[in-house]
Amino acid sequence: MGPVSRAIIRCRASDIDLVSNRIDIALPRAACRSVQDSGLSALWLGPDEWLILNATPADSWVSELSARLDGALCSLVDVSHRQVALSVHGPRAEDILATGCALDHSIAAFPVGMCTRTMFAKAEIVLWRTGAANFHLEVWRSFARYVEALLREAESER
């Protein structure tokens, strides 16, 4: 997938509303859920941790977020260069993902908007269902070729 700016935000539950207002996207409070608004996406990774994706990457974006969060009790880390995005889509997407990930990927168990940290083979990923047959994977850059090769191998089978 194309370039994306990424940041990890960590804050206490009592500060979620303040942080959400300052970064212009509501941080999801429900476990394993995501929110999308105006080119930004917020993915719940833990009770005090969110991955923020900006579809319009800019070198200064995380610095701008940092300035907006000045005075808020939170942590903001730019992870734009740490990981890359891969897409798995189409009628066999669930089957392809099942070759390396033990989760139930059915739409009933993993609905659109759901996201989670999980393993694909031996690589940690963030898996996010963005459509009925569309998945977005965030993979650490050092594992990207490994995961991509496994996905391509699974796709070519059958």
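As shown above, the structure is provided for reference.
Residues numbered from 1 in each chain as written. Predicted model: local features only at pLDDT ≥ 70, side-chain atom pairs only at ≥ 80, totals over all residues. Heavy atoms only, no water.

Colleague: With reference to specific residues and values, describe helix H2 (residues 61–68).
Modeller: Of the positions making up H2, those classed as buried are Trp61, Val62 and Leu65. Considered in projection along H2, the buried side chains sweep an arc of 95° and stay on one side of the axis. More than 90 degrees from the buried face of H2, the exposed residues found are Ser63 and Ala67. Where H2 is buried, its residues touch strand E1 (5–11), helix H1 (16–23), strand E3 (40–46), strand E4 (49–54) and strand E5 (74–78). (Buried < 20%, exposed > 50% of the residue type's maximum accessible area, 1.4 Å probe, protein only. Helix = DSSP H or I, 4+ residues; strand = E, 2+ residues; numbered from the N terminus. Arc of directions from axis to C-beta. Contact = heavy atoms within 4.5 Å.)

Colleague: Before we move on, could you go through unusual backbone geometry and cite the residues and values that matter?
Modeller: For Ser38, which is not glycine, the phi dihedral falls at a positive 50°. Looking at the element boundaries, Ser38 is found in the loop between strand E2 (34–37) and E3. For Ala121, which is not glycine, the phi dihedral falls at a positive 55°. Within the secondary structure, Ala121 sits in the loop between strand E7 (115–120) and strand E8 (123–131).

Colleague: Could you give me a rundown of the sheet that holds E5, with the residues and numbers involved?
Modeller: As a general point, the strands of a sheet are linked pairwise by backbone hydrogen bonds and lie either parallel or antiparallel. Strand order in the open sheet made by the five strands is E2-E3-E4-E1-E5, with antiparallel pairing throughout. Where the open sheet ends on each side, the last strands, each with one partner, are E2 and E5. With strand direction ignored, the average angle separating the axes of adjacent strands in the sheet is 20°. Across the sheet, H1 lies against E1, E3, E4 and E5, angled at about 155° from E1, the strand it touches most. (Pairing = 2+ DSSP bridges. Axes fitted to C-alpha atoms, helices over the stretch in contact; angles between N-to-C directions.)

Colleague: Which residues make up a nonpolar patch on the surface, and what values go with them?
Modeller: A contiguous nonpolar patch, built from Trp140, Phe143 and Tyr146 and spanning about 280 Å² of accessible area, is present on the exposed surface. Mapped onto the elements of the fold, Tyr146 is located in helix H4 (residues 141–156). We classify Tyr146 as partly exposed; its relative accessible area is 32%. (Patch = residues over 30% accessible without salt bridge, like charges linked within 9 Å, V, L, I, M, F, W, Y side chains within 5 Å. Areas by Shrake-Rupley, 256 points an atom, 1.4 Å probe, with all protein chains shown as cover. Salt bridge = Lys/Arg side-chain N within 4 Å of Asp/Glu carboxyl O.)

Colleague: Describe H4, listing the residues and the values that go with them.
Modeller: Along its 16 residues, H4 runs 23 Å from first to last C-alpha, staying within 8% of the 22 Å computed at 1.5 Å per residue. All of the buried residues in H4 are Ala144, Val147, Leu151 and Ala154. Down the axis, H4 shows its buried residues gathered within 105° of arc, on one side only. Summarising the geometry of H4, the exposed residues directed more than 90 degrees from the buried face are Ser142, Arg145, Arg152 and Ser156. The inward-facing, buried residues of H4 contact strand E6 (83–89), helix H3 (93–98), E7, E8 and strand E9 (134–140). (Expected span 1.5 Å × (residues − 1).)

Colleague: Now, about the packing of aromatic side chains: what can you tell me, with residues and values included?
Modeller: In this structure the tally under the stated criterion is one aromatic pair. Plain terms: the ring middles of Phe110 and Phe135 are 6.2 Å apart, the flat faces sit at 40° to each other, and that makes the pair tilted. Of this pair, Phe110 sits in the loop between H3 and E7 while Phe135 sits in strand E9, placing them 25 residues apart in sequence. Side by side, Phe110 and Phe135 carry an identical accessibility label, which is buried. (Phe/Tyr/Trp six-rings, centres within 6.5 Å; stacked < 30°, edge-to-face > 60°.)

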